[in-house]
Every structure is written in C-alpha cells, then in structure tokens.
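# Structure at a glance
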Amino acid sequence: MQLDPEFLSRMQFAWVIGWHILLPAFTLGLASYIAFLEGAYALTKLPVFLNLSQFWLRIFAISFGMGVVTGIVMPFQFGTNWSRFSDAAGNVISPLLAYEGIVAFFLEATFLGVLLFGRKLVPPAMHFLAAVLVAVGTLASAFWILATNSWMQTPVGYEVIDGRYFPKNWFEIVFSPSFPFRFAHTVSAFYVTTAFVVLAVGAYTVRRGQSPAEGRLMLRLALWFLAIFVPLQIVLGDMHGLNTLAHQPAKLAAIEGLWDGGNGVPASIIGWPDQTAERNLGEIAIPNLGSLYLTHSWGGAVKGLKDFPPDQRAPVVIVYFSFRIMVGIGLLMLAMVATGLILLARKQLDRTQWYLRLCQFTGCLGFLAVIAGWTTTEVGRQPWTIYGLMRTADSVSPSLTGADVLLSLVLYVCVYLVIFPVGVSVMFRIVRRGPAASEEDSPIGSGRPKSPIEALGTPEGAR
Amino acid sequence: MQPLDLVPIWTTILALGVFFYVALDGFDLGVGMLYNFAPDRSARDLVMNSIAPIWDGNETWLILGSMGLLAAFPVAFAIIIPAVYFPVLLMLLALIFRGLSFEFRYRDAEHRTFWDHGFAAGSALAAFAQGVVLGAFIQGFAVQGRQFVGGSFDCFTPFSVFTGVALMFGYALLGAGWLVIKTEGALQDWARALGRRCLIGTVLGIGIVSLWTPYVDAHIAARWFSWPDIMYLSPVPLITAVLIWYAWQSLNDRSEYGPFFAALGLFVMSYIGIAISLWPMIVPGHFTIREAAASPSTQAFLLIGTLFLLPVILVYTAWSYWVFRGKVRADIGYH
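Residues numbered from 1 in each chain as written. Chains lettered and ligands numbered in written order. Predicted model: local features only at pLDDT ≥ 70, side-chain atom pairs only at ≥ 80, totals over all residues.

### A closer look at the overall build of chain B
Counting secondary structure elements, chain B contains 14 helices and four strands. Over its C-alpha trace chain B gives a radius of gyration of 20 Å, about what one expects of a compact globule, namely 20 Å for 335 residues. Looking at chain B residue by residue over its 335 residues, the buried ones come to 54%. Within chain B, contacts between residues separated by at least 24 positions form 77% of all contacts whose residues are at least 6 apart in sequence. (Helix = DSSP H or I, 4+ residues; strand = E, 2+ residues; numbered from the N terminus. Rg over C-alpha atoms; globule rule 2.2 N^0.38 Å. Buried ≥ 20, exposed ≤ 12 C-beta atoms within 10 Å, placed from the backbone. Contact = placed C-beta atoms within 7 Å.)

### Digging into the overall build of chain A
Looking only at helices and strands, chain A features 15 helices and eight strands. A compact globule built from 463 residues would reach a C-alpha radius of gyration of about 23 Å, and chain A, at 24 Å, matches this within 12%. Referenced to the eigenvectors of the C-alpha coordinate spread, the extents of chain A come out at roughly 70 × 55 × 45 Å. Classification of the 463 residues of chain A by burial places 53% in the buried group. Pairs at least 24 residues apart make up 72% of the contacts formed inside chain A by residues separated by at least 6 positions.

### A few points about the environment of Gly 101 of chain A
One can find Gly 101 of chain A in helix α3 (residues 83-117). Residues Gly 101 of chain A and Ile 145 of chain A, 44 residues apart in the sequence, show an inter-C-alpha distance of 9.8 Å. If sequence neighbours within four positions are ignored, Gly 101 of chain A has contacts with Thr 60, Ile 63, Leu 64 and Met 67 of chain B.

### Quick notes on unusual backbone geometry
The step from Gln 382 of chain A to Pro 383 of chain A runs through a cis peptide bond, and the omega angle for that step is 5°. Mapping Pro 383 of chain A onto the fold places it in the loop between α12 (365-381) and β7 (384-386). A cis amide bond, omega 0°, links Trp 279 of chain B with the succeeding residue Pro 280 of chain B. Secondary-structure assignment places Pro 280 of chain B in the loop between α12 (258-278) and β3 (281-283). A positive phi angle, near 55°, is found at Asp 162 of chain A, a position not held by glycine. Mapped onto the elements, Asp 162 of chain A comes out in the loop between β1 (158-161) and β2 (164-167). For Asp 162 of chain A, a count of 7 C-beta atoms within 10 Å gives the class exposed. If you check the backbone angles, Glu 278 of chain A has positive phi at about 55° while not being a glycine. One can find Glu 278 of chain A in the loop between β4 (267-274) and β5 (279-286).

### Focus on the interface of chain A and chain B
Facing the 65 residues of chain A at the interface are 69 residues of chain B. When residues of the side of chain A that touches chain B are traced back to their parent elements, those giving at least two are α2 (47-80), α3, β2, α13 (402-433) and α15 (452-457) of chain A. At 23 residues, the largest contribution of residues to the side of chain A that touches chain B is made by α3 of chain A. Broken down by class, the residue content of the side of chain A that touches chain B amounts to 40 nonpolar, 18 polar and seven charged. (Nonpolar A, V, L, I, M, F, W, Y, C, P; charged D, E, K, R; others polar.)

### A few points about the nonpolar core
Among the nonpolar cores identified, the biggest contains 256 residues, and Ile 34 and Leu 199 of chain A together with Met 33, Phe 73, Ala 76, Ile 80 and Leu 92 of chain B are the most heavily contacted of them. Per element, the largest residue contribution to this core is 22 residues, and it comes from α3 of chain A. (Core = buried A, V, L, I, M, F, W, Y, C linked by C-beta atoms within 7 Å.)

### Brief notes about the environment of Val 18 of chain B
Tracing the sequence through the fold places Val 18 of chain B in helix α1 (residues 7-35). Sequence spacing of Val 18 of chain B and Trp 61 of chain B is 43 residues, and the spatial spacing of their C-alpha atoms is 7.3 Å.

### Examining the pairing of β2 of chain A
Note on strand geometry: in a regular strand, side chains alternate between the two faces of the sheet. All names here are of chain A. Taking every second residue as pointing to the same face, the buried face of β2 carries Tyr 165 and Pro 167, while none of Arg 164 and Phe 166 on the other face is buried. Summarising the sheet, β1 and β2 pair through four bridges and their orientation is antiparallel. Counted as the bridge partner of Val 160 is Tyr 165 from β2. (Pairing = 2+ DSSP bridges.)

### Quick word on helix α14 (residues 296-323) of chain B
For α14 of chain B, which comprises 28 residues, the first-to-last C-alpha distance of 39 Å matches the rise-based estimate of 40 Å (1.5 Å per residue) to within 8%. The largest bend along α14 of chain B reaches roughly 35° and is located at Thr 306 of chain B. Looking only at α14 of chain B, the buried set comprises Thr 298, Gln 299, Phe 301, Leu 302, Thr 306, Ile 313, Thr 317 and Ser 320 of chain B. Tucked into the core, α14 of chain B has its buried residues touching α3, β2 and α5 (170-174) of chain A together with α1 and α3 (55-72) of chain B. (Expected span 1.5 Å × (residues − 1). Bend = angle between axes of the 7 residues up to and from the residue.)

### A closer look at the confidence of the model for chain B
Residue and element names in this part refer to chain B. The share of residues in chain B with pLDDT of 70 or more is 97%, and the mean pLDDT across the chain is 89. The weakest mean pLDDT in chain B belongs to helix α10 (residues 229-233) at 82; the strongest belongs to helix α7 (residues 158-182) at 94. Reported confidence for the predicted complex is 0.90 by ipTM and 0.90 by pTM. (pLDDT = per-residue confidence, 0-100.)

### Let's talk about the pairing of β5 of chain A
Residues and elements named next belong to chain A. Little of β5 is tucked away, with zero of its eight residues classed as buried. Direction of pairing for β4 relative to β5: antiparallel, over a ladder of six bridges. Its bridge partner lying in β5, Pro 273 is registered against Asn 280. Between β4 and β5, which pair antiparallel one after the other, the connecting turn spans four residues, and Glu 278 there sits at a positive phi close to 55°.

### So, the packing of α2 of chain A against α13 of chain A
All names here are of chain A. Orientation of α2 relative to α13, taken along the N-to-C sense of each, is 170°, at an axis distance of 9 Å. Relative to α13, the element α2 is oriented roughly antiparallel. Counted together, Arg 58, Ile 59, Ile 62, Ser 63 and Met 66 of α2 and Ile 419, Gly 423, Val 426, Met 427 and Ile 430 of α13 form the full contact between these two elements. A class-by-class count of the residues in the contact of α2 with α13 yields seven nonpolar, two polar and one charged. (Axes fitted to C-alpha atoms, helices over the stretch in contact; angles between N-to-C directions. Parallel < 35°, antiparallel > 145°, perpendicular 65-115°, else oblique.)

If you want it as structure tokens, here you go:
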C-alpha cells in the first residue's frame with residue numbers, strides 16, 4: 001500500500017486540532033467564569049464565591065496547561081506539513097496568527113501566573129484584574145485564530161501574484177464575510193460547553209451533599225446562563241448557516257445532503273449520502289422545508305451538489321452526519337435546560353435525583369457538539385485549504401514521504417493518548433475532592449499548613 | 001513616496017524575539033534538566049517552584065519566534081520548518097511532557113516518578129532538538145525554488161547532533177545560574193557545583209562548534225579568516241573568553257547574579273557569532289533577508305500592533321518577574 005503524505009498530514013492535523021480544540025472550548029468559558037467569581041467575591045465577600053473560584057482555578061490550571069502545550073503544536077503544523085500553503089498564504093495569514101501570539105498568549109500566560117500564584121503577593125484588585133485579563137486573553141485568542149480560519153473559508157481582500165496571495169485590504173481580511181458569524185457561534189459554543197460542565201459538577205456536588213451551598217450556586221448560575229445562551233446559540237447557528245449558503249454554497253449543499261438544486265428544495269432529515277451514486281439512500285426528506293429555512297421563502301433557489309464538479313465537493317457523508325450530530329446535541333441541550341428551569345420554578349431542582357444524574361452525563365455534550373461543528377466546517381471546506389482557490393493537495397510540504405508523516409502521526413497519537421486520559425482523570429479527581437477541599441489546602445484558608453505543597457505531595461497526606 | 005523599508009526593523013524584532021526565547025525558556029529548560037539531580041524531594045519542589053509561575057510566559061516566545069518568522073520571512077518558514085520536521089516534532093512532544101509535569105506531578109501523585117522523569121527528560125530532549133535545529137540551520141538545506149526538497153532526516157548530522165548536546169549544556173548553565181539566584185544555603189551550593197560542570201561542558205561546546213563551523217561551510221570560513229574581517233571579529237572570542245573567566249569566578253565566590261548573567265553573556269556572544277557568520281542570509285545559501293521578506297503591507301500591518309504591544313508585553317513580563325522576585329518559597333502554590 002502506498003502511504004499518502006497528504007492524507008496522513010490531514011489525519012495528523014485532524015488529530016492534533018481535534019484534541020486541542022477541546023481545551024479552549026473549556027478554558028475560554030472557564031476563564032470568564034472565574035473572572036466572574038472573583039469579581040463577585042470582591043463585591044460581596046461571600047466565601048462561597050472564593051471557594052468556587054479556587055476550586056475551578058485548580059481545574060483551569062490543568063486544562064489551560066494542556067491547552068498551551070497542545071496549542072504550541074498547532075502553528076508548527078503549518079510549517080512542518082503545509083509548507084506550500086505557508087509560502088502561498090503567509091503574507092496574508094501570518095499577521096493574524098502573530099497577533100494571536102502578541103495580543104493573547106502573552107496576556108494569558110503572564111497573568112495566569114499571577115492568578116494562580118499571586119493571591120498573596122498582589123493586592124486583591126490586581127488579582128481580580130489578572131483574572132479579567134486572562135479571560136480577555138482567551139477571547140482575543142479566539143478572535144485572531146477564527147479570523148485566520150474565516151479568511152481560509154471566505155477569502156477576500158487579497159490579490160494573487162505568481163500563485164501567491166498578497167494582502168490588499170486588511171480590514172476585509174480580518175473581518176472576512178464568515179468571520180462575525182463564526183466568531184459569535186464559536187465563542188457562544190465554548191461558553192455553552194463550559195456551562196454544561198459546571199452544571200454537571202454542580203449536580204454532582206449537590207447530590208453528594210458535601211458542599212451544598214457551592215453545589216446549588218453552580219447549578220443555578222449554569223442553568224440561568226444556559227437559559228440565555230442555548231437559544232442564542234441556535235439562532236447564531238442559523239445565521240452562520242445562512243452565511244455559509246451565501247459564501248460557501250458547495251459546503252452548504254454537502255451539509256444538507258442536497259444533490260439536485262433548484263427552487264423549493266426539500267430538507268433531508270436523515271439518510272445515507274452516496275457520493276458516487278450522487279443521491280441519498282434510505283432518505284427521509286420534507287418537501288420545500290429546505291428552501292423555507294435556508295431562504296426563508298417557500299420556493300427559494302438553493303444550489304445542489306450537482307451544480308459543482310465532483311472534484312470540488314467535500315466528503316459528503318462526514319459533513320452530513322457531523323452537522324446532524326451537532327444539531328441533535330443542540331436540541332438535547334435545549335431540552336435539558338427547559339427541564340431544569342421547570343424544576344427550578346417548582347423548587348424541586350436540588351431534590352430531583354434523576355435530573356441531577358442526567359446533568360452529570362450531559363457534561364460532555366458541549367465537547368461533542370464542538371467537535372461535530374468543527375468537523376462540519378473544516379471537512380466541509382474540502383477539497384480546499386483556501387476555499388475555492390488553493391487545494392489541500394497543493395498545500396502539503398513537498399519533502400515529506402508517507403513514512404515520515406506516519407511516524408510523526410503515530411508519535412502524536414501515542415503522546416496524546418497518555419496526556420489526555422491523565423489530564424481528564426486528574427480533573428475528575430479534583431471534582432471528587434470537591435470545592436470544600438480548598439479550605440484546608442489553600443494558603444488563604446484558616447488551617448494553613450506549614451508547607452502546603454509538601455503536605456499535598458504525599459498522597460495519604462492532606463489529600 | 002518611497003515606502004519605508006521595514007526589513008531591518010523586522011530583522012531586529014525577530015532576532016530579539018528568538019533571543020528572548022533562548023534566554024528565557026533556555027533557563028527554565030535548563031532548570032528542568034538539573035531538576036532530577038536535586039538531592040531530595042523538597043529540593044525538587046523548590047527547584048520546580050522557582051520557574052512554575054513564569055515558564056508558560058517564557059514558552060510563549062517560541063510561538064512569537066515561529067510566527068514572527070512566518071510573518072517577516074514567509075518563504076524561510078516554508079523552507080526551514082519542513083527541513084527540521086523531526087527535531088521540531090521531538091521538541092513539541094518533549095515540551096508537552098515537560099509542561100504538563102508541572103501540574104501532573106502534584107495531581108497524579110501515584111505516578112510522580114514518571115512525571116519527574118518526564119519533566120527532566122522532556123526539558124533535555126527539547127533543548128537537544130533545538131540545538132539540532134540550530135546545527136541544521138548553520139549547515140544549510142537542500143532547496144529548489146521556494147521549497148525544501150531534501151529528506152526529513154537530512155538534518156541529523158554529526159555536526160547538528162553535537163550542537164544539540166552543546167545547547168543542552170548551555171541551557172543547563174543558564175538554569176544553574178537561575179537557581180543560584182532563586183535558592184540559598186545548601187541548595188545554592190548544589191546549583192553552583194552543577195553550574196561549574198555545565199560551564200566546562202558549555203565552553204567545550206562553544207569551542208568545538210567554533211572550530212567545526214568553518215569546516216561545514218566554506219562561506220563562513222572565508223568570512224572569518226579573511227582580512228580585515230578577522231580584525232573586526234576578533235572582539236567576539238576575546239569577550240567570550242572574559243565572560244568564561246567571570247562565569248567561573250562568580251560560580252566559585254558568593255556572587256548571586258554573576259553566574260546567570262555571565263551565562264547570558266555567553267549566549268549573547270554565541271548568538272552574535274552565528275549572526276555574523278550567516279548575515280545577510282535567512283535561508284543559508286539561498287535566500288537573503290531581503291529576498292525572503294514578506295510583502296511591505298504584511299510587514300506594516302503587523303508592525304503597527306507590534307510596536308505598541310511588544311513594549312507592553314515586556315513591561316508586564318518584567319512586572320510578573322518582579323512579583324515573584326526573591327528567593328523561592330515552598331508555599332506559593334495554589335494546589
């Protein structure tokens with residue numbers, strides 16, 4: 001069998017970005033949540049906010065550290081595996097990536113140190129400011145990396161000279177047509193992801209009954225937050241979809257599983273897209289509904305996959321199903337939030353065991369939806385790295401052999417399969433110890449050990 | 001109107017960025033390498049705490065360096081990075097292990113020994129891989145047009161493996177200097193003793209690489225040994241010799257800051273030596289900085305923000321070092 005460096009490079013990119021994106025998906029929301037908790041504590045001086053902030057900071061430190069080390073891998077991928085893309089597009093995308101570094105990463109990294117280690121060393125207001133700046137850093141990071149991605153999806157503001165892309169209008173490049181929608185939809189998705197984790201941990205804490213005040217507060221904060229953000233996210237998703245229809249019609253046709261375009265197109269609910277037969281097998285579809293929600297008119301015109309040459313179509317099966325998984329999860333989330341609000345209104349939230357148990361399981365929903373959504377937009381962009389302009393096949397480094405990339409991919413797989421299970425189990429362990437544990441091991445709490453790190457170092461010690 | 005030539009500015013910024021990375025992550029990678037030699041666990045805790053609040057910021061310069069290279073000299077990025085495919089891979093995987101050890105050795109205490117070794121070995125491997133990149137860069141790459149066309153293992157040569165080992169000693173020397181600043185008593189004596197060995201290794205490394213370099217590249221030999229260049233270049237080895245003498249003295253007397261800054265001085269001199277040898281090439285033998293430069297618009301767009309943000313970054317980085325100044329304490333953790 002011939003090893004294909006392009007295919008393996010794509011697998012490698014999917015592997016490293018797929019794991020990496022889970023971390024910002026969590027830390028972006030968590031940073032804002034911690035900043036909120038720190039602010040609430042500064043205003044109210046209620047210990048419950050401090051306990052929660054210290055509790056989540058311990059989880060944040062781990063997830064953020066994992067985000068940093070897996071994130072450093074990412075920009076190097078452009079060079080190691082996609083050097084022709086880097087040469088061709090470097091003049092346009094490099095400042096966006098560099099701005100992510102100088103605006104976001106330094107802010108996050110420096111003030112995270114102060115946030116984690118500086119509570120006793122800096123005044124409380126400065127400590128709160130550090131929390132805010134870390135949160136701002138995570139948002140700035142999302143801004144620039146999504147600006148880069150959006151330009152690759154909907155390129156504008158450039159000119160082509162000798163097959164390379166040069167900037168003409170920086171405002172257009174940064175705020176490319178899909179950027180506002182992608183940014184809003186992604187940030188909102190990350191917030192929802194974090195809130196579902198907080199909901200799960202709150203439910204667990206309430207059920208266990210060890211830190212009831214902290215548990216109840218987590219549940220309520222998460223639920224009210226989600227009551228706003230889940231519906232908002234669905235609206236933003238719809239707007240993002242309409243934007244895709246306007247700017248990436250081939251991707252939208254793959255998402256919809258729509259082969260024959262025209263007026264009054266149906267909505268495919270479920271089926272199996274057959275890329276060679278150019279039709280969906282065993283399909284359930286509703287006539288005219290596709291046009292209705294895509295064009296907001298009964299007979300609106302939508303392009304189908306057959307309007308594009310076969311070599312310009314994305315792998316339809318993957319995009320079709322990843323999109324449906326994302327939407328399905330969104331609806332499930334809506335049902336969870338509605339149920340929770342009803343229970344809250346009836347004052348039964350903290351006693352309804354089945355719902356709390358369910359909340360624990362739905363803690364992972366956001367991550368699944370993020371992966372599904374990211375797959376939809378990235379696989380949907382194929383076969384292009386720069387949509388409609390530069391093919392993925394023309395982007396890969398010419399010097400790489402299939403064996404080279406196979407070796408590096410195997411190493412990435414091995415390392416990630418060590419660090420992610422350890423990281424997740426370590427975070428679960430912190431959750432099991434619960435928010436109350438912060439009182440005994442925090443340098444701020446009453447019972448201050450002589451050397452907390454030493455005491456904590458022994459598994460049978462303070463743990 | 002002739003647009004302002006930004007290439008010298010970007011060359012300076014990139015050179016400074018790479019140097020900041022080498023100096024800052026250099027000392028904390030060095031601390032990581034020395035970590036497992038610490039006498040006991042409480043000493044190891046202190047050693048790790050001496051860099052725990054700052055390593056993340058230090059490593060951020062690596063991203064700035066790589067993205068700065070892509071932004072200022074895109075074609076150089078597109079040639080050099082695939083040419084050092086495996087050293088970069090090793091460096092990234094090593095940095096993953098090392099970075100996570102900070103948290104995991106506390107949290108995953110059953111496997112503390114594994115993470116302790118991961119921290120030390122990860123630091124060592126990352127330093128070695130960066131040294132291989134440096135050696136490969138000095139040697140040059142097989143280029144056709146605007147792409148690297150050699151093999152992915154071409155970068156591993158006796159010369160580049162040697163520069164890898166030499167850089168490990170250099171980083172360890174910086175790390176020992178940092179530990180002299182941050183510790184006291186017996187632990188500081190330990191750091192000084194290790195520092196002396198690292199200095200011997202570093203001096204041998206600088207010496208042998210300096211003798212070897214003109215043999216791997218005839219252009220460099222011509223530049224070094226032709227008149228009058230040899231006269232202009234002579235201060236470099238002379239200052240280096242003075243710094244070596246001062247590093248040895250300060251490791252042996254009671255100087256707290258001497259060893260670190262002497263080591264830093266040795267890095268500055270080595271860096272200048274390499275820059276003199278390769279100037280004005282950014283891809284040795286193929287692209288000068290001017291030929292590889294990004295479009296003026298790209299340079300200008302990024303420069304606007306950089307000129308504003310870089311000083312801000314330096315100020316708050318300096319502030320965070322100031323917050324964590326003084327001898328390292330065992331109880332700054334949040335765990």
